[in-house]
Every structure is written in C-alpha cells, then in structure tokens.
Amino acid sequence: SFGGSPDVIKGFTKIPKIGPRFYFSYSSKCNPKKLKELIQATPDDRLLLESDGGCASKMDQALFDICKIVAEAKEWSLEKTSNVTYTNFDEFYSSR
C-alpha cells in the first residue's frame with residue numbers, strides 16, 4: 001500500500017517516458033490519516049486497490065472496505081470505483 005505523499009505521486013507520474021507506468025495501490029489497513037488525500041491526488045487511471053488481508057476469508061471484506069473509501073474520496077459510485085480500478089488492474093497486468 002502506497003504510503004508516500006501527494007507530491008511523490010505527482011513527481012512519479014511526470015517522469016518522462018516512464019511516468020505512465022507508475023500505479024498507486026491502497027488498502028483500508030494502511031495510511032489511515034492521509035489515505036483520502038493520497039487517493040484524491042492519484043490519477044484515476046493509476047489507482048489500484050489491495051486487500052492487505054492476512055487470510056483469504058477476509059479479502060472480500062477488505063477489498064469492499066477500500067472500494068468504499070476510494071468511492072467517497074473520488075466522489076464516485078461503488079460501481080464506477082470497481083470499474084475504474086478493474087480496468088487499471090487489467091492494464092497493469094497486461095502491460096508487463
């Protein structure tokens with residue numbers, strides 16, 4: 001889970017040639033004090049979700065929790081949040 005600053009996000013995404021390859025992933029377990037600010041600073045097409053769940057039985061709830069946090073921070077619906085982050089996930093793994 002990304003724990004840097006909004007300035008780091010801006011800096012990484014502006015690096016010539018490789019900036020578009022940076023993605024930023026968040027979970028509900030990390031960065032609680034600055035999570036909303038980081039999500040808002042993350043370009044929509046660079047945003048990923050993660051569960052940070054210690055066991056498989058808690059992954060679904062953890063992903064749902066971070067999806068709700070992202071939806072609130074970005075002022076999106078849950079459906080839009082899941083669609084955007086799924087597209088980003090697909091792009092991230094297909095570009096390897």
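Described in the following lines is the structure provided in the data block.

A look at the nonpolar core
For step 1, the next point in the chain: Grouped together as the largest cluster of nonpolar side chains are 13 residues, with contacts concentrated most on Phe2, Ile9, Tyr26, Ile39 and Val70.
For step 2, the next point in the chain: At the level of elements, β1 (24-26), α2 (35-41) and α3 (59-74) are the ones that each hand at least two residues to this core.

Quick word on unusual backbone geometry
For step 1, the next point in the chain: Residues other than glycine seldom take positive phi values, yet Lys17 does so here, at roughly 70°.
For step 2, the next point in the chain: Residue placement: Lys17 occurs in the loop between α1 (6-13) and β1.
For step 3, the next point in the chain: We note that Glu75 has phi near 60°; this positive angle belongs to a residue other than glycine.
For step 4, the next point in the chain: Relative to the helices and strands, Glu75 resides in the loop between α3 and α4 (78-94).

What about a nonpolar patch on the surface?
For step 1, the next point in the chain: Side chains of Tyr86, Phe89 and Tyr93 sit close together on the surface and give an oily, nonpolar patch of about 360 Å² of accessible area.
For step 2, the next point in the chain: Examined against the element boundaries, Tyr93 turns out to sit in helix α4.
For step 3, the next point in the chain: Owing to a relative accessible area of 47%, Tyr93 belongs among the partly exposed residues under this scheme.

Calculation criteria
- Residues numbered from 1 in each chain as written.
- Predicted model: local features only at pLDDT ≥ 70, side-chain atom pairs only at ≥ 80, totals over all residues.
- Heavy atoms only, no water.
- Core = buried A, V, L, I, M, F, W, Y, C linked by side-chain atoms within 4.5 Å.
- Buried < 20%, exposed > 50% of the residue type's maximum accessible area, 1.4 Å probe, protein only.
- Helix = DSSP H or I, 4+ residues; strand = E, 2+ residues; numbered from the N terminus.
- Patch = residues over 30% accessible without salt bridge, like charges linked within 9 Å, V, L, I, M, F, W, Y side chains within 5 Å.
- Areas by Shrake-Rupley, 256 points an atom, 1.4 Å probe, with all protein chains shown as cover.
- Salt bridge = Lys/Arg side-chain N within 4 Å of Asp/Glu carboxyl O.

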